Amino acid sequence: MKIVDLSRQASALNHFLSQLRDVNMQNDRLRFRQNLKRIGRVMAYELSKTLSYQEQAITTPLGVKQAALSGDRIVVGTVLRAGLSLHEGFLSVFDDADSAFVAAYREEGEGDSLKVRLEYRAAPCLDGSTFIMVDPMLATGGSLVAAHRAFLEAGTPKHLHICVVIAAPEGIAALQKAFPSDDVTLWTAAIDERLNEKAYIVPGLGDAGDLCFGEKI
Ligand code: PRP
Ligand code: URA
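Residues numbered from 1 in each chain as written. Chains lettered and ligands numbered in written order. Predicted model: local features only at pLDDT ≥ 70, side-chain atom pairs only at ≥ 80, totals over all residues. Heavy atoms only, no water.

### Section: the overall build of the protein
A count of helical and extended segments in the protein gives six helices and twelve strands. Taking 2.2 N^0.38 as the reference for a compact globule, 217 residues should give roughly 17 Å; the C-alpha atoms of the protein span a radius of gyration of 18 Å, in line with that estimate. Every one of the 217 residues in the protein was classed for burial, and the buried ones make up 45%. The contacts in the protein between residues at least 6 apart in sequence include a share of 67% that link residues at least 24 apart. For the protein, the centre of its 23 positive side-chain charges and the centre of its 27 negative side-chain charges are spaced 2 Å apart. (Helix = DSSP H or I, 4+ residues; strand = E, 2+ residues; numbered from the N terminus. Rg over C-alpha atoms; globule rule 2.2 N^0.38 Å. Buried < 20%, exposed > 50% of the residue type's maximum accessible area, 1.4 Å probe, protein only. Contact = heavy atoms within 4.5 Å. Lys, Arg positive; Asp, Glu negative; His and termini not counted. Charge placed at Lys NZ, Arg CZ, Asp CG, Glu CD.)

### Some points on the site of ligand 2
Surveying the vicinity of ligand 2 reveals the residues Arg106, Met137, Ala139, Ala199, Tyr200, Ile201, Gly206, Asp207 and Ala208. In the model, a nitrogen atom of ligand 2 is placed 2.8 Å from a nitrogen or oxygen of the glycine 206 main chain. Residue alanine 208 places a main-chain N or O atom 2.8 Å away from an oxygen atom belonging to ligand 2. For ligand 2, whose free accessible area comes to 240 Å², the fraction covered by protein is 89%. Grouping the constituent residues of the shell around ligand 2 by class yields six nonpolar, one polar and two charged. (Near = heavy atom within 4 Å. Polar contact = N/O pair within 3.5 Å; in protein donor to acceptor, adjacent residues only side chain to side chain. Areas by Shrake-Rupley, 256 points an atom, 1.4 Å probe, with all protein chains shown as cover. Nonpolar A, V, L, I, M, F, W, Y, C, P; charged D, E, K, R; others polar.)

### Regarding the packing of aromatic side chains
Applying the stated rule across the entire model yields one aromatic pair. Note on phenylalanine 131 and phenylalanine 151: the rings are 5.2 Å apart at their centroids and 85° apart in plane angle, and the pair reads as edge-to-face. With phenylalanine 131 in strand E7 (residues 130-134) and phenylalanine 151 in helix H4 (residues 142-152), the pair connects residues that are 20 residues apart, well separated along the chain. Phenylalanine 151 shares its class with phenylalanine 131; the two are buried. (Phe/Tyr/Trp six-rings, centres within 6.5 Å; stacked < 30°, edge-to-face > 60°.)

### Digging into the side chain of threonine 188
Structurally, threonine 188 is set in strand E10 (residues 184-191). Polar side-chain contacts of threonine 188 include one of 3.5 Å to the backbone oxygen of valine 165. Beyond its immediate stretch of four places on either side in the chain, threonine 188 contacts Val4, Asp5, Leu6, Ser7, Met43, Val164, Val165, Ile166 and Ala167.

### Focus on helix H5 (residues 169-178)
The α-helix advances 3.6 residues per turn, and as a result positions three or four apart in sequence lie on the same side. When H5 is considered as a whole, its buried residues turn out to be Gly171, Ile172 and Leu175. One face of H5 carries all of its buried residues, which in axial projection span an arc of 100°. The elements touched by buried residues of H5 are strand E1 (2-5), strand E8 (137-138), H4, strand E9 (159-167) and E10. (Arc of directions from axis to C-beta.)

### Quick look at the nonpolar core
In this structure, Ile39, Phe90, Phe94 and Val165 are the most contacted members of the largest nonpolar core, which totals 38 residues. Within the residue set of this core, elements represented by two or more residues are helix H1 (12-21), helix H2 (29-48), strand E4 (74-80), helix H3 (83-93), E7, E9, E10 and helix H6 (208-213). The dominant element in this core, judged by the number of residues it contributes, is H2, at six residues. Among all residues touching phenylalanine 94, those that are not within four sequence positions of it are Ala44, Leu47, Ser48, Leu51, Ile74 and Ile132. (Core = buried A, V, L, I, M, F, W, Y, C linked by side-chain atoms within 4.5 Å.)

### Observations regarding the site of ligand 1
The full set close to ligand 1 counts 16 residues, and Arg106, Asp135, Thr140, Ser143 and Lys216 are the nearest of them. A distance of 3.1 Å separates an oxygen atom of ligand 1 from a polar backbone atom of alanine 82. Threonine 140 places a polar side-chain atom, nitrogen or oxygen, 2.5 Å from an oxygen atom of ligand 1. In isolation ligand 1 offers 500 Å² of accessible surface; the protein chains occlude 94% of this area. Residue assignment for the shell around ligand 1 shows that the elements contributing at least two residues are strand E5 (98-106), E8 and H4. For the shell around ligand 1, the per-class residue count stands at six nonpolar, five polar and five charged.

### Quick notes on the pattern of salt bridges
Enumeration over the complete set of coordinates arrives at nine salt bridges. A salt bridge links aspartate 192 to arginine 21; its shortest N-O distance comes to 2.8 Å. With a gap of 171 residues between them, aspartate 192 in the loop between E10 and strand E11 (194-195) and arginine 21 in helix H1 connect regions that are remote in the sequence. For arginine 31, the salt bridge identified is with aspartate 28, shortest N-O distance 3.9 Å. Relative accessible area serves as the criterion here: at 35%, arginine 31 is assigned to the partly exposed category. Taken together, the salt bridges that share partners define one network made up of Arg81, Asp207, Asp210 and Lys216. (Salt bridge = Lys/Arg side-chain N within 4 Å of Asp/Glu carboxyl O.)

So this is what it looks like as C-alpha cells:
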C-alpha cells in the first residue's frame, strides 16, 4: 500500500484540520462539518492528479478547445456516519461519481477486543471502477477493513484509494496487512502518535461522528 501524507507539505489543509482538532472550535458543528467537506475537496483534487486523462474537443460559443478530461468511473464509498461530510466534499469535485454506503460502528470494547458491526450496505457495481473509500478517522482500521470486505460483494474495482483525515500508526499497520500490494493508496491529512486504551487517536480530535451529528446512545 502506498501512503500519501498530505501534511508533509504545508497548505490550507493544515488550517482546516487544526480547526477540527481545536477544543475551542470543534463544538461548532456547522464549522466542523464544513471543515471535513473542505478537506474532502482538497483530497479529491490531489487524488484527481492520479486519474487517467484523454484529450477531448470542447466546443465554446467562439471555437473549439482541446482539454484533458478523465473518463474514469469513480465511486465514492463512505462509512456512516462520520464519513458523510467528507463524502460531500469529494462529490463536489467528482460531480458525476456514484456513491456507496455502509453503516459500521465500533461496539464497546478495548484494544483488540473492539468489534465493528456492519448493518447496512448500498453500492453500485464496482467492477472496473476507481473506488474511493472515505472515512475521517483511521484508528484500529477495523471499520475500513470490514467496510471494504462488505463493498467487495458489489464487484472488483480497478483502483482502490482510501482517504482519511487522521490516521493512527496502528490503523496504518492494519491496512498495510490487509492491502499489501502497491495498487492501493492511502491518503491522509495527518498521521498522529498512537491510540489510547479506548482505541481513540491521540492527539486526534475526539469522536468525529458525535462532533458532526451529536452524541449517540
Ligand atoms: C469512527 C470513524 C471510523 C471509525 C474508526 O466511527 O468514522 O468509522 O470510528 O475507528 P477504527 O479504525 O478503530 O475502526 P464510529 O464507530 O465512531 O461511528 P460513528 O461515525 O457513527 O460515530
Ligand atoms: N473514531 C473517532 O471518531 N475518533 C477516534 O479517535 C477513533 C475512532
